[in-house]
Each structure stands twice: as structure tokens, then as C-alpha cells.
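Below, each chain spelled out in residue letters.
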Amino acid sequence: MSASIIYFFDLFGTVIFAITGAVKGVRLRLDFLGVMVFAVTVGCAGGMTRDALLGITPVAAFCDSSYVILSAVTGIIVFFSAPKFVGRWRVILYCDAIGLGVFTAIGAQKADLLGIGIVGQVLSGVIGAVGGGVLRDVFSKEIPSVLKSDFYATASIIGGLVYVLCDHLLPQHGTITFVMSAVSVAVIRIYAIRHGLKLPVARMVGEDKA
């Protein structure tokens, strides 16, 4: 897949994540600056963390202002159109699933191109995909949703593994590998949303087994 197409998907995922961050800020009744911070954080922080860990410095968001500018503009739009966005939260979740898939595939691919091993490729995809959301929840004084909600980070992990598998089976077909990884994450995530799929939680002593 060409660098220009990857760049487009990277910006697309940034905008999608910025929407979810801004909407979260609106729902928490934050002021204008707070909504901007959440939009930029969720839109850019995951990719920045991923790049820093991979040794790609300065990180992409510092080299290319488009990431921060698009996130900020998205935050402004959400802030002044709050009812339209907040009232369509389920649609936003579906869009977020697509962004999750795109960022997972991009992270895995970046690690792959740097010659990093299987575990590093999967972790690179996951960190890029969920890092911004984790920081958003920390700012909100909440347990990160990836640790307690439905298939989110799990979908990203599976997508990273799909990337590794496809890259091994089809080493000369990078586009197919990228698409398969991104689509698998989005499909799993959307399925989890629609059917309330969750990972099991450990039982505490004295809890009812029913």
C-alpha cells in the first residue's frame, strides 16, 4: 500500500478518534479548552506514544501539523454541534471501531517495516489504537475503558495477530495484510457492540454464582 494511502488512513483515524474524545469532553460538561484537549489527546496521543516507543522521533504529530490541526478543528465542530454528535453516540462507536482498526494496522505495519518482531508488532498496533483513549480516561479520573468494557483492546490485539499472520502467509501483499488487519478489528469491535460481548470478570469470595 502506498505511503499516501497510509497517510490518508492515518488522518482519517485521527479525526474519528478526535470526535470520540471531544464527545467525551462534552458529556463531562468540560469547557471549550477541555473539549479541545480531549479531542487532541485522543486523536494524537496514541500515535505519538507508539512512535516514541518505536524510536520514530520527532513523532509524526510534531513533524506534520495536520494531525493536531485536524483534531482541534474536529473538537471545535463537536463543541458547537454538541447535540448532533452526543445524540448519535452509537454511530460514533461504529466509526470509532473503524478508527481502531486503521490505527491497529498502521501501528503493526510501522513496527514491521522497522524489523521489529511479532510481539512488538502487535503491541505497536495496540498502543497506537488505544493509547489516546487510555489517557482520556485517566484525565477523566476513570478506570481506562480498555480494562473494563467490551472487546476493545482485545479486538486490537486480534487485529495485530491477523496482521502478523497475513504478513507471514502473504509477504508480498502488504495492502491485503493491512486491510485484513483493519477490517478484522472493526468487525470484531462492531460485533461486540451489537451483541454486548465482554471478557469474563473474576469472581470475588462470597459472590453469587448464579
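Quantities reported herein were computed from a predicted structural model and do not represent experimental measurements.

Trainee: Before we go on, may I ask you to explain the UniProt feature "domain: Glycine transporter" (unreviewed entry) in the protein chain in this structure?
Mentor: The sites that carry the UniProt feature "domain: Glycine transporter" (unreviewed entry) are, in the present numbering, residues 8-81 and 94-167. As a span, residues 8-81 carries 84% helix and 0% strand, and end to end its C-alpha atoms are 25 Å apart.

Trainee: Teacher, can you tell me more about a nonpolar patch on the surface here?
Mentor: A grouping of L33, V37, L135, V138 and F139 is seen on the molecular surface, where their side chains present a nonpolar patch of about 430 Å² in accessible area. Among the secondary structure elements, those contributing two or more residues to the nonpolar patch are α2 (32-54) and α7 (118-139). The element contributing the most residues to the nonpolar patch is α7, with 3 residues. Topologically, F139 is positioned in helix α7. On the basis of relative accessibility, which here comes to 42%, the residue F139 falls in the partly exposed class.

Trainee: What am I meant to see in the state of the cysteines here?
Mentor: In protein chemistry, a disulfide is the covalent bond that joins the sulfur atoms of two cysteines. Under the defined criterion, the tally for this structure stands at 0 disulfides. Here C63 is not cross-linked by a disulfide; its sulfur's nearest cysteine counterpart is in C44, at 13 Å.

Trainee: Which parts of the structure should I look at to understand helix α6 (residues 89-113)?
Mentor: Since the α-helix advances by 3.6 residues per turn, residues separated by three or four positions end up pointing in the same direction. With 25 residues, α6 ought to run about 36 Å at 1.5 Å a step, and its terminal C-alpha atoms sit 36 Å apart, in line with that. G115, located one to two residues past α6, shows a positive phi value of around 80 degrees.

Trainee: Sorry, what's going on with the pattern of salt bridges here?
Mentor: Between side chains of opposite charge, a pair can form when the charged atoms approach closely. Per the stated rule, a full pass over the model turns up 4 salt bridges. A salt bridge links K24 to E142, with the shortest nitrogen-to-oxygen separation between them at 3.1 Å. Taken together, the positions of K24 in helix α1 (residues 3-27) and E142 in the loop between α7 and α8 (153-169) put the pair 118 residues apart, joining distant regions of the chain. Assessed through its relative accessible area of 30%, E142 is described here as partly exposed. R50 is paired through a salt bridge with D51; the nearest N and O atoms lie 3.1 Å apart. Accessibility expressed as a relative area gives 1% for D51, which makes it buried. Connected through shared salt-bridge partners, R50, D51 and K110 make up one network.

Analysis parameters
Residues numbered from 1 in each chain as written. Predicted model: local features only at pLDDT ≥ 70, side-chain atom pairs only at ≥ 80, totals over all residues. Heavy atoms only, no water. UniProt positions renumbered as here; feature names shortened; annotations may be inferred. Helix = DSSP H or I, 4+ residues; strand = E, 2+ residues; numbered from the N terminus. Patch = residues over 30% accessible without salt bridge, like charges linked within 9 Å, V, L, I, M, F, W, Y side chains within 5 Å. Areas by Shrake-Rupley, 256 points an atom, 1.4 Å probe, with all protein chains shown as cover. Salt bridge = Lys/Arg side-chain N within 4 Å of Asp/Glu carboxyl O. Buried < 20%, exposed > 50% of the residue type's maximum accessible area, 1.4 Å probe, protein only. Disulfide = S-S within 2.5 Å. Expected span 1.5 Å × (residues − 1).

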